[in-house]
Amino acid sequence: MNVLGVTLSQQVNPNWQTYVMLCAYFIILLVIGYYGYKQSTSNVNEYMLGGRNIGPYVTALSAGASDMSGWMIMGLPGEVYTTGLSAAWLAIGLTIGAYVNYIVVAPRLRVYTEKAGDSITLPDFFKNRLNDQSNLIKIISGAIIIIFFTLYTHSGMVSGGKLFNSAFGLDYRYGLILVTVIVIAYTFFGGYLAVSITDFFQGVVMIIAMIMVPVVAMLQLSGLDTFSQVADLEPTNLDFFKGTTLIGIISFLAWGLGYFGQPHIIVRFMSIKSVKQIKTARRFGISWMTISLVGAVAVGLTGIVFVNKQDLKFKDPETLFILMGQILFHPLVGGFLLAAILAAIMSTISSQLLVTSSSLTEDFYKLIRGEAAAKRHQKEFLLVGRLSVLLVAVIAILIAWHPNDTILNLVGNAWAGFGAAFGPLVILSLYWKGLSRTGAVSGMVTGAITVIMWIIFVKPLGEYNDLFNLYEIIPGFLVSLTVTYVVSLFTKKPAHNIEKELSTVKSLIKNNR
């Protein structure tokens, strides 16, 4: 249903049908949470990793949905609307990075984490892989996860607050609390299985929405000629190389580097039922991702003409998808599209909360209580895991209470932090026998610090020289990789036979294919 010649307050005025659709969506999420609670929360391994029994399709959409958060439906269309097709370099970089991640990291991580003491978390794997009896690497990597994920989680909550403010006129803070409460409800009780199944469901909702909105917008406008009109309004809108710089293109492509170090994504590889199912997951997941990202770019491009033709005025380009969904469709369908945004937001928040909870429980509380206590008191550790979800959510809400940046920038900072701190270490731990504990710790710390220092001190100089606008993951990743390698060359290696261990992992992967 196309509504022409209306003011913004009239455009975004959902009726009872929209609310019914959203309520139905929330009920489905809570039912899935209850199912997860009944099926897979008898011990910490099940609560945190689904008992390593997740199928390829759920794995693929769970990884995709937890990756493509509110930034894909709100941030990326807003960036395309603002700068034109040159913003699509971000989608290209991410697709390449995700594909390489499935090839390089997924098979070895699935086999190695199980072989290395049945590691549940990434810090646990680093500790077992490097035979670190001091637990230093576990503590430092766990701290990095908690710090950056708390910041990352708050970006999703900002998306939720913006959604309810833009779509319903609800106070930003009420929207923030509502989204968080719903996510906590199914994550707190259902654990990893509930998060994975809801991610699958949310992934389906997201891809349908990303196809519907640009297709219907083009039908309402001028079909494929809509893109000609996009160029007529501003020639650079359809130019891959205009509207940005070489540094901008390199920075967008560099987002793909982040995949190697994102705990909430690579944990999906650890939980899949068997390594032979990874190929199926890769094909399904990359197909979903490609369609969704193309749809997001198309929303931004068609939105340029759509807003211009209807003479609309709106302050925040990141609310473009909300605006188009509410104008173009019947309120019931509009409710479905709002649910798609919530799906993107909630799938990421829930995954991040669970990984942070896992780190607090496995990497800190277990150190305090001891391995023996962890085996004897599973219910105690389950309770700690659930309470950790609640604690991190409350802290993230407090940080998000006064938003002061775009969703894309908030996500970008946390993405870079993880990519630089963990990316080189994950790759080297899976492939290089020369990795040492001291090298691993040095690389992690310097990578994270480089990202933070670049954001605080170097990025502001970008107005004087474009080189300083370089995405912080690039210097962070390179510094981390270099430091890890050089320090490892001159420091003591793990006592056990790593060469034999790596050979065994490679053999297991080959046999399971």
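Residues numbered from 1 in each chain as written. Predicted model: local features only at pLDDT ≥ 70, side-chain atom pairs only at ≥ 80, totals over all residues. Heavy atoms only, no water.

An unreviewed UniProt entry annotates the chain as Sodium/proline symporter of Staphylococcus gallinarum. What the UniProt record of the chain gives under Subcellular location (unreviewed entry) is the line "Cell membrane". (UniProt positions renumbered as here; feature names shortened; annotations may be inferred.)

Peer 1: Please set out the pattern of salt bridges residue by residue, giving values where relevant.
Peer 2: One pass over the structure, following the stated rule, counts 5 salt bridges. The partner of K138 in a salt bridge is D124, and the shortest N-O contact between them spans 3.1 Å. Residue K138 is found in helix α9 (residues 136–168), and its partner D124 is found in helix α8 (residues 122–129); the two are separated by 14 residues along the sequence. For the pair shown, K138 and D124 are each scored as buried. The salt bridge partner of K433 is E499, with a shortest N-O separation of 3.5 Å. Linking K433 in the loop between α19 (407–431) and α20 (437–458) with E499 in helix α22 (residues 498–512), this pair joins segments that are 66 residues apart in sequence. (Salt bridge = Lys/Arg side-chain N within 4 Å of Asp/Glu carboxyl O. Helix = DSSP H or I, 4+ residues; strand = E, 2+ residues; numbered from the N terminus. Buried < 20%, exposed > 50% of the residue type's maximum accessible area, 1.4 Å probe, protein only.)

Peer 1: So, a nonpolar patch on the surface: which residues are in play, and what are the values?
Peer 2: On the surface, I92, I96, F240, F241 and L253 cluster together to form a nonpolar patch covering roughly 440 Å² of accessible area. Relative to the helices and strands, F240 is located in the loop between α11 (226–233) and α12 (246–253). (Patch = residues over 30% accessible without salt bridge, like charges linked within 9 Å, V, L, I, M, F, W, Y side chains within 5 Å. Areas by Shrake-Rupley, 256 points an atom, 1.4 Å probe, with all protein chains shown as cover.)

Peer 1: Kindly report on the environment of A143, identifying the contributing residues and their values.
Peer 2: Along the chain, the position of A143 falls in helix α9. Overall, A143 belongs to the partly exposed group, its relative accessible area being 28%. The spatial distance from the C-alpha of A143 to the C-alpha of F364 is 9.0 Å, given a sequence separation of 221 residues.

Peer 1: Can you lay out unusual backbone geometry for me, pointing to particular residues and giving the numbers?
Peer 2: For N131, which is not a glycine, the phi torsion comes out positive at approximately 50 degrees. Tracing the sequence through the fold places N131 in the loop between α8 and α9. Even without being glycine, N135 reaches a positive phi, approximately 65 degrees. Examined against the element boundaries, N135 turns out to sit in the loop between α8 and α9.

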